[in-house]
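One-letter residues, chain by chain:
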Amino acid sequence: MPSDDTSAPTSPSTATPATDYRALLRNREFTGLYVSLTLTVAASTLSGFALGTLVDERTGSPLLTAVSMYGATFATVLGALTLMSVADGRRPRRTLVTLQCVSLAGVAAQAVPGLPLAARFGLLLVLGFFQSLGTGARMGLLAEVVPASAYALARSLMNITSGGTAVLGFAVGAVLLRHLSPHDVFVVAAVLTGLGLVAVATTAREYSTRPADPGRPGARSGPRRTWTTNVELFSHPGRRALLLNLWVPNGLIVGCEALFISYDPAHAGVLLAAGSAGMLLGDLTVGRLLSADRRRRCAFALRLLLAVPYLLFTASPPTPVAAVAVFVAGAGFAATLPLQEQLLALTPDPVRGQVQGVESAGRMTWQGIGAALAGGVALYLGPGPTITALAALSVTVTVLSRPFVARAR
């Protein structure tokens, strides 16, 4: 394990820019963050699928099932509002390792047989809070590890791998749940979380900054610093417009995905995997093959693509048709890449970690809102009509907010 070296490492801005994914993976620190994220996503996918299945078996409620799969996202907003400034603190590696340890404890606790559902939902909220801080710390470290010119490429690779891992996670989860209990799947998720902890702890250096350096919040990290930065973040109309489009259309479509178990229990794994596969293809195409300028020009079309295919659910399509529609829509999640690039360009360097953490936390929170909204409406309309309604609302938000996003450039 590397020591907590307080000397300032080579600045990413002066490092040789990474021009492709292989060049990025030759960076040991980036590889550690990348592997850790991959294992964490795999664990989260398996545990979410296992918990959703467990809750559906016990309650049969679309609302509780949807919330159980995405409920952790509700607590991410608490992290964004209170302690997200730790993402730009003086010891980001130590912070990330500590938060990974907390996540491991929480996932392991879900594996306890006979745990009441109320306790499981409580664990979801605790995990969501600390995971939001972990995301901010991870993205803050990423901005230190790779040069600014390679940041979009690095995020693209992470997004691609997250999508691919989710495909495998849902597919493997469906297979495992045919032979194992949900509690056994939680054990597998805990092991993966532990491996993710080892990956980051053994590769990342400590990017400490001298206390006298005014460029970082450093020792001032805490609720007051978090709140001050958030007020400044939301006071900028361009950043507000970008955050709206990163959060709301995305969250509404995740609400559609949260209804797959209730919509088609026998083929929910197929639909979830199709959406993740589409996300994988979209991120690969947009992040690797398009220039930054072309990504910006495609952002609006991608946000529409994210929702329009779900309108087919109004006709209750057969599973193969539904899977194709979900796959195509999944490619629209790649709209986050150009929007994140624009947000980063409007963000001062000293608070990059916190702003990226807030963006991620807000996106995850809106996923939880979308899941809860979908589950609640489905109690009255049914899963199919609710999926269609949420997709139509996502299209509406995208179209109405387009002029504000254009001004943010």
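The residue count restarts for each chain, going from 1 along the sequence in the order it is written. Local features are withheld for residues below a pLDDT of 70 in this predicted model, meaning they are given only at 70 or higher, and side-chain atom pairs are given and counted only at 80 or more; totals for whole chains, interfaces and linings count all residues. Remark: hydrogens and water are excluded; side-chain values derive from all non-hydrogen atoms of the structure.

Participant: Just to check I follow, could you spell out the overall build of the protein for this structure?
Facilitator: Strands here mean DSSP runs of E at least two residues long; helices mean DSSP runs of H or I at least four residues long; both are numbered from the N terminus. Across its full length, the protein carries 17 helices and zero strands. For every residue, the accessible area (1.4 Å probe, protein chains only) is compared with the maximum for its type, and the residue is labelled buried under 20%, exposed over 50%, or partly exposed between those bounds. Each of the 409 residues in the protein was classed as buried or not, and the buried ones make up 57%. Throughout, a contact is declared for two residues whenever any of their heavy atoms are within 4.5 Å. Looking at the protein alone, contacts between residues at least 24 apart form 87% of all its contacts between residues at least 6 apart. A total of about 16,300 Å² of accessible surface is found on the protein, and carbon and sulfur atoms cover 67% of it. Computed with the Shrake-Rupley method and a 1.4 Å probe, the accessible areas treat only the protein chains shown as cover for residues.

Participant: I tried to follow the confidence of the model for the protein on my own but got confused; where do I start?
Facilitator: A low pLDDT score tells you not to read the predicted coordinates there in detail. Summary of the metric used: pLDDT quantifies the predictor's per-residue confidence within the range 0 to 100. For the protein, per-residue confidence averages 80 on the pLDDT scale, and residues scoring 70 or more make up 82% of the total. Mean pLDDT values over the elements of the protein span from 66, in helix α4 (residues 72-82), up to 94, in helix α14 (residues 319-330). Low pLDDT (under 50) marks residues 1-17, which in the prediction has 28 contacts with non-local residues, meaning those over four places away or in another chain.

Participant: So what exactly am I meant to see when it comes to the pattern of salt bridges here?
Facilitator: Where charged atoms from two side chains of opposite charge come close, those side chains can pair. By convention in these notes, a salt bridge is any Lys or Arg side-chain nitrogen within 4 Å of a carboxyl oxygen on Asp or Glu. Summed over all chains, the structure comprises five salt bridges. Notably, a salt bridge pairs R295 with E341, separated by 2.8 Å at the nearest N-O pair. Remark: E341 occurs in helix α15 (residues 336-345) and R295 occurs in helix α13 (residues 292-307); sequence separation between them is 46 residues. Exposure remark for R295: the relative accessible area of 7% places this residue in the buried category. Assessed through its relative accessible area of 22%, E341 is described here as partly exposed.

Participant: When you look at the nonpolar core in this model, what are you seeing that I'm missing?
Facilitator: Within soluble globular proteins, side chains that are nonpolar tend to cluster in buried spots. Counting 44 residues, the largest nonpolar core has I253, F260, Y310, F313, V326 and I387 as the members making the most contacts within it. Ignoring any residue separated from it by four or fewer positions in sequence, one finds F313 in contact with F260, Y263, A322, V326, G384, I387 and T388. Counting 26 residues, the second-largest nonpolar core is a separate cluster that includes Y21, L33, L142 and V200. Throughout, nonpolar core names a set of buried Ala, Val, Leu, Ile, Met, Phe, Trp, Tyr and Cys residues whose side chains join them through atoms within 4.5 Å.

Participant: I keep staring at a nonpolar patch on the surface and nothing clicks. Help me out?
Facilitator: Without a salt bridge and with relative accessible area above 30%, a residue can belong to a patch; like charges are then joined within 9 Å and nonpolar side chains (Val, Leu, Ile, Met, Phe, Trp, Tyr) within 5 Å. Taken together, L281, V324, F327 and V328 make up a surface patch of nonpolar side chains, about 310 Å² in accessible area. The element best represented in the nonpolar patch is α14, accounting for three residues. Structurally, L281 can be placed in helix α12 (residues 268-289).

Participant: Is there a simple way to think about the packing of α12 against α14 in this case?
Facilitator: Relative orientation and spacing of two packed helices are given, respectively, by the angle between their axes and the distance between those axes. Interhelical geometry of α12 versus α14 gives an angle of 30 degrees and a closest axis separation of 6 Å. The orientation of α12 with respect to α14, classified from their angle, is roughly parallel. In terms of crossing hand, the pair formed by α12 and α14 is right-handed. Contacts between α12 and α14 involve V270, L271, A274, G275, A277, G278, M279 and L281 from the former and T319, A322, A323, V326, F327 and G330 from the latter. Of the residues contributing to the contact of α12 with α14, the split by class is 10 nonpolar, four polar and no charged. For helices, the fitted line uses only the C-alpha atoms of the stretch in contact; every axis is such a line through C-alpha atoms, and the angle between N-to-C directions lies from 0 to 180 degrees. Roughly parallel covers angles under 35 degrees, roughly antiparallel covers those over 145, roughly perpendicular covers 65 to 115, and oblique covers all other angles. The handedness criterion is simple: a crossing whose near helix is rotated anticlockwise from the far helix by less than a right angle is left-handed, and one whose near helix is rotated clockwise is right-handed. Nonpolar residues are Ala, Val, Leu, Ile, Met, Phe, Trp, Tyr, Cys and Pro. Charged residues are Asp, Glu, Lys and Arg, and all others, Gly as well, are polar.

Participant: Just checking my understanding: could you explain the packing of helix α2 (residues 28-59) against helix α8 (residues 182-201) for this structure?
Facilitator: Between α2 and α8, the shortest axis-to-axis distance is 8 Å and the interhelical angle comes to 165 degrees. Compared by their axis directions, α2 and α8 come out roughly antiparallel. As α2 runs across α8, the sense of the crossing is left-handed. Each residue belonging to the contact of α2 with α8 can be placed in one class, and the counts come to 18 nonpolar, six polar and one charged.

Participant: Would you mind showing me how to read the environment of T193 here?
Facilitator: Tracing the backbone through its elements, the reader meets T193 in helix α8. Here T193 falls in the buried class, since its relative accessible area comes to 4%. Residue contacts for T193: discarding those within four places in its chain leaves A43, Q100, S103, L104 and V107. The definition of a polar contact used here is a pair of N or O atoms within 3.5 Å, where within protein one atom must be able to donate a hydrogen and the other to accept one, and adjacent residues in sequence count solely through side-chain atom pairs. Side-chain polar atoms of T193 contact the backbone oxygen of A189, separated by 2.9 Å.

Participant: Got a minute to help me understand the side chain of T53 in this structure?
Facilitator: With respect to the secondary-structure elements, T53 resides in helix α2. Within the local environment of T53, its side chain forms a polar contact with the backbone oxygen of F49, the two atoms lying 2.9 Å apart.

Participant: What's the story with the packing of aromatic side chains in this structure? I'm lost.
Facilitator: Think of a pair of aromatic rings as described by two things: how far the centres are apart, and how the planes are tilted against each other in angle. Each pair of aromatic rings taken from Phe, Tyr and Trp, with Trp reduced to its six-membered ring, is defined by centres within 6.5 Å and is described as stacked if the planes are under 30 degrees apart, edge-to-face if over 60, and tilted in the remaining cases. A full pass over the atoms with the stated rule returns five aromatic pairs. Each ring, one from F260 and one from Y310, has its centre 6.5 Å from the other, and the planes form 20 degrees; the classification is stacked. With F260 in helix α11 (residues 260-263) and Y310 in the loop between α13 and α14, this residue pair connects regions lying 50 residues apart in the sequence. Y310 shares its class with F260; the two are buried. Plain terms: the ring middles of F260 and F313 are 6.5 Å apart, the flat faces sit at 20 degrees to each other, and that makes the pair stacked.

Participant: So what exactly am I meant to see when it comes to the side chain of T45 here?
Facilitator: Along the chain, T45 turns up in helix α2. Note on T45: relative accessible area 9%, which makes it buried. In this structure the side chain of T45 is engaged in a polar contact, spanning 2.8 Å, whose partner is the backbone oxygen of V41. Look past the residues within four positions of T45 in its chain and what remains in contact with it is A166, G169 and F170.

Participant: So what exactly am I meant to see when it comes to the environment of L271 here?
Facilitator: As for its position among the elements, L271 is in helix α12. Between the C-alpha atom of L271 and that of A171, which follows or precedes it by 100 residues, the distance is 9.9 Å. What L271 contacts, discounting residues up to four positions off in sequence, is F260, Y263, T319, A322, A323 and V326.

Participant: Please clarify how unusual backbone geometry should be interpreted in this entry.
Facilitator: Most peptide bonds adopt trans geometry, and most residues besides glycine take a negative phi value. One non-glycine residue, S316, lies in the positive phi region at around 50 degrees. Relative to the elements of secondary structure, S316 occurs in the loop between α13 and α14. The exposure class assigned to S316 is exposed, which follows from its relative accessible area of 52%.

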